[in-house]
Amino acid sequence: MAQEVTGPSNFIEEAVEADLASRRFDRVQTRFPPEPNGYLHIGHAKAISIDFGVAEKYGGRCNLRFDDTNPIKEETEYVEAIMHDIRWLGYDWGEGLYYASDYFEQLYQWAVQLVQAGKAYVCDLSPDEVRAYRGTLTEPGQESPYRNRTVEENLGLLERMRAGEFPEGACTLRAKIDMAASNINLRDPVMYRILHAEHHRTGDQWCIYPMYDWAHGQSDSIERISHSLCDIFYEDHRPLYDWFLEQLGVFHPRQIEFARLNITHTVLSKRKLLRLVKEGYVAGWDDPRMPTLSGLRRRGYTPAAVRDFCERIGVAKADSVVDIALLEHCIRQDLDRQAPRVMAVLNPLRVVIENYPEDQVEEFEADNHPGDESMGTRMLPFSRVLYIEREDFHEDPPKQYFRLAPGREVRLKYAYIIRCVEVVKDENGAVVELRCTYDPDTRGGATPDGRKVRGTLHWVAADHAIDAEVRLYDHLFRLPEPENVAEEQDFTAAINPDSLVVLTGCKLEHHLAGAEIGSHYQFMRMGYFVADPDSTAARPIFNRTVALRDTWAKIKQAMEQEEQGD
């Protein structure tokens, strides 16, 4: 169903509205054309949101078309993962699922048409020779010695290429355009190369495969795409896109380019992401440190947060770098609304309340979400032995430290006020236990006598807590620009050695036993976490999605203050 059109919000929508008004196109048809040779990442999410978003806004449709023109790198695994990721984001291509391989025969027949028109020829130059003959940005290219073969000879050679008579690299089919063109893409680009490889859909039916520039525009034309939205890399390819369509005299879509997404502390090159996986820098494509959609999902990112991020960054023509803090801000905002609050002690320190009865257990009612009464409450058991965070105790506290220290009081959330009366250490001098007393008159945290207790800590009862593994994820790269390393190094030198810290023996409230995989929680005072797919009832595992502090909010506030100052 078409959305209510509210007017263009970017240059792409302005172009679409102009085309509809001029009747260049009578409806909007877009497509998302991934190559099935890897997993989608956050950059693809931006492209998906643009492709599907434009179609939705103007009552059109967006196809999902796999550009499966390179059998060497493509796998069915990637096809299935890509479809899962797009659906996870909340988009649906309906009946518009296509593959470039669906059009192999038509593409071949169109190639024959160009040969017959004297617009394409079979070239015997090797790949290295083709590159050498192409010239440079400042020097024209040289014509291939095979450029002026007759139409009959070219048709015969192309037929033999298809029949598998030549080895890989023996020859190619090239468009016959202009070797002196200022745009290198027009210097007789390769249309077909020989690959004796089995295709994941067509098997061994073909041994010549179309290049992307040849398959792209013609596939768009077959599907009657009105607006072919691409990233800015393809801007220089647009003249070639147009040339092919004009020579064939077929339906001519309009190609429009937009800026690629770049994010700090991240690489989005598929080749580099593959290196991270293959060389063991990460545990796989869905490692929560990866910018892949499967990695973000495992880390606890939601479709709503990713779509919000894509909407906030907008659509531009010029490349820019987005601070990863904005992405973190989006997931933080989404989870703040929906994640129930629980208490989890990640680095536990044992606390014994000396004046609390040993065999007594009482319960306190706790809000599941202080801002949403509809999420209800839960009961928390309280007993003589508890755990608090080790960092919530300081034997020699500095100024402005309001947590627990010898002789000081703190409030235990929902429970009582306690005072530290003794510090127990091991033979190495490390603190292993705190002996405390509690004030029975402060049930629920109130102070009938009006005394001020500034620190409030989270806690769990020792006998009722569950043990869990917690994985603290941080930026995979320590540098905002991972490529900005010493000349003799590559981007892997910027990898953050502390991007993953695994904590075991964490103490969590018992309500988290059997938490459903993918369920989100705010661990009070610690951050937002999600139950990992490896988690079991016997061995719960939680991943930190994002910390509670909002770096982006601080950056935005500083920017606004700077603007006001100007």
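Please read these numbers as outputs of a predicted model, since none were measured by experiment. (Residues numbered from 1 in each chain as written. Predicted model: local features only at pLDDT ≥ 70, side-chain atom pairs only at ≥ 80, totals over all residues. Heavy atoms only, no water.)

So, about the overall build of the protein. A count of helices and strands for the protein gives 13 helices and 27 strands. Relative to a compact globule of 566 residues, whose C-alpha radius of gyration would be 24 Å, the protein shows 31 Å and is clearly more extended. If one aligns the C-alpha atoms of the protein with their principal axes, the spans along those axes are about 100 × 55 × 50 Å. Taking all 566 residues of the protein together, the buried fraction comes to 53%. For the protein, long-range pairs separated by at least 24 residues make up 70% of all intrachain contacts whose partners lie at least 6 apart in sequence. Positive and negative charge centroids in the protein, built from 66 and 94 side chains respectively, lie 2 Å apart. (Helix = DSSP H or I, 4+ residues; strand = E, 2+ residues; numbered from the N terminus. Rg over C-alpha atoms; globule rule 2.2 N^0.38 Å. Buried < 20%, exposed > 50% of the residue type's maximum accessible area, 1.4 Å probe, protein only. Contact = heavy atoms within 4.5 Å. Lys, Arg positive; Asp, Glu negative; His and termini not counted. Charge placed at Lys NZ, Arg CZ, Asp CG, Glu CD.)

Moving on, we come to the side chain of Asn154. Of note, Asn154 is situated in helix H6 (residues 151–163). Residue classification places Asn154 among the buried residues on the basis of a relative accessible area of 3%. A polar side-chain atom of Asn154 sits 2.9 Å from the main-chain amide nitrogen of Val122. Apart from residues lying up to four places away in sequence, Asn154 is in contact with Val115, Ala120, Tyr121, Val122 and Arg149. (Polar contact = N/O pair within 3.5 Å; in protein donor to acceptor, adjacent residues only side chain to side chain.)

So, about the sheet that holds strand S13 (residues 344–345). Pairing within the open sheet is mixed, and its seven strands lie in the order S12-S25-S26-S27-S23-S24-S13. Either end of the sheet is taken by a strand with one partner, and the two such strands are strand S12 (341–342) and S13. Summarising the sheet, strand S23 (residues 466–473) and strand S24 (residues 500–508) pair through seven bridges and their orientation is antiparallel. Note that in S24 the partner of Leu472 across the bridge is Val501. (Pairing = 2+ DSSP bridges.)

Turning our eyes to something else, we now look at the packing of aromatic side chains. Enumeration according to the criterion identifies 23 aromatic pairs in this entry. Between the aromatic rings of Phe66 and Tyr99, the centroid separation amounts to 5.3 Å while the plane-to-plane angle is 25°, which identifies the pairing as stacked. On the criterion of sequence distance, the pair formed by Phe66 in strand S2 (residues 61–66) and Tyr99 in strand S3 (residues 97–99) is long-range, its members being 33 residues apart. Taking relative accessible area as the criterion, Phe66 reaches 0% and is therefore assigned buried. Of the residues examined, Tyr99 reaches a relative accessible area of 11% and is grouped as buried. (Phe/Tyr/Trp six-rings, centres within 6.5 Å; stacked < 30°, edge-to-face > 60°.)

Here strand S4 (residues 120–123) shows two buried faces, one formed by Ala120 and Val122 and the other by Tyr121 and Cys123. Where S4 and strand S5 (residues 172–175) come together, four bridges link them in antiparallel fashion. Pairing of Tyr121 across the sheet is with Arg174, part of S5.

Right, let's get into the packing of helix H7 (residues 212–222) against helix H8 (residues 238–248). Two elements in contact, H7 and H8, have axes separated by 9 Å at closest approach and are oriented at 60°. One way to sum up the angle between H7 and H8 is to call them oblique. At the point where H7 passes H8, the crossing takes the right-handed sense. Packed against H7, whose contacting residues are Asp213, Trp214, His216, Gly217, Gln218, Asp220 and Ser221, the element H8 presents Leu240, Tyr241, Phe244, Leu245 and Leu248 at the interface. Tallied by class, residues from the contact of H7 with H8 come to six nonpolar, four polar and two charged. (Axes fitted to C-alpha atoms, helices over the stretch in contact; angles between N-to-C directions. Parallel < 35°, antiparallel > 145°, perpendicular 65-115°, else oblique. Left-handed = near helix turned anticlockwise from the far one by under 90°. Nonpolar A, V, L, I, M, F, W, Y, C, P; charged D, E, K, R; others polar.)

Our focus in this paragraph is unusual backbone geometry. In this structure, His265 is a non-glycine residue whose phi angle is positive, near 60°. Assessed through its relative accessible area of 16%, His265 is described here as buried. The backbone phi angle of Arg525 is positive, close to 75°, even though this residue is not glycine. Taking the relative accessible area as the measure of exposure, Arg525 reaches 35% and is therefore partly exposed.

A word on helix H12 (residues 324–338). Between its first and last C-alpha atoms H12 spans 22 Å; for 15 residues at 1.5 Å apiece the expected length is 21 Å, and the two agree. Within H12, eleven of the 15 residues are buried, leaving the element largely enclosed by the surrounding structure. Among the residues of H12, those classed as buried are Ile324, Ala325, Leu326, Leu327, Glu328, His329, Cys330, Ile331, Arg332, Asp334 and Leu335. (Expected span 1.5 Å × (residues − 1).)

The next subject is the pattern of salt bridges. Enumeration over the complete set of coordinates arrives at 45 salt bridges. Asp128 is paired through a salt bridge with Arg131; the nearest N and O atoms lie 2.3 Å apart. Of the two residues, Asp128 and Arg131 both sit in helix H5 (residues 127–134), three residues apart, roughly one turn of that helix. Ionic pairing is found between Arg289 and Asp287, a salt bridge with its closest N-O pair at 2.8 Å. A residue is classified by how much of its surface remains accessible, and Arg289, at 15% relative accessible area, is buried. On the basis of relative accessibility, which here comes to 3%, the residue Asp287 falls in the buried class. A cluster of three or more residues bridged by salt bridges with shared partners is formed by Asp286, Arg298, Glu469, Arg471, Asp532, Asp534 and Arg539. (Salt bridge = Lys/Arg side-chain N within 4 Å of Asp/Glu carboxyl O.)

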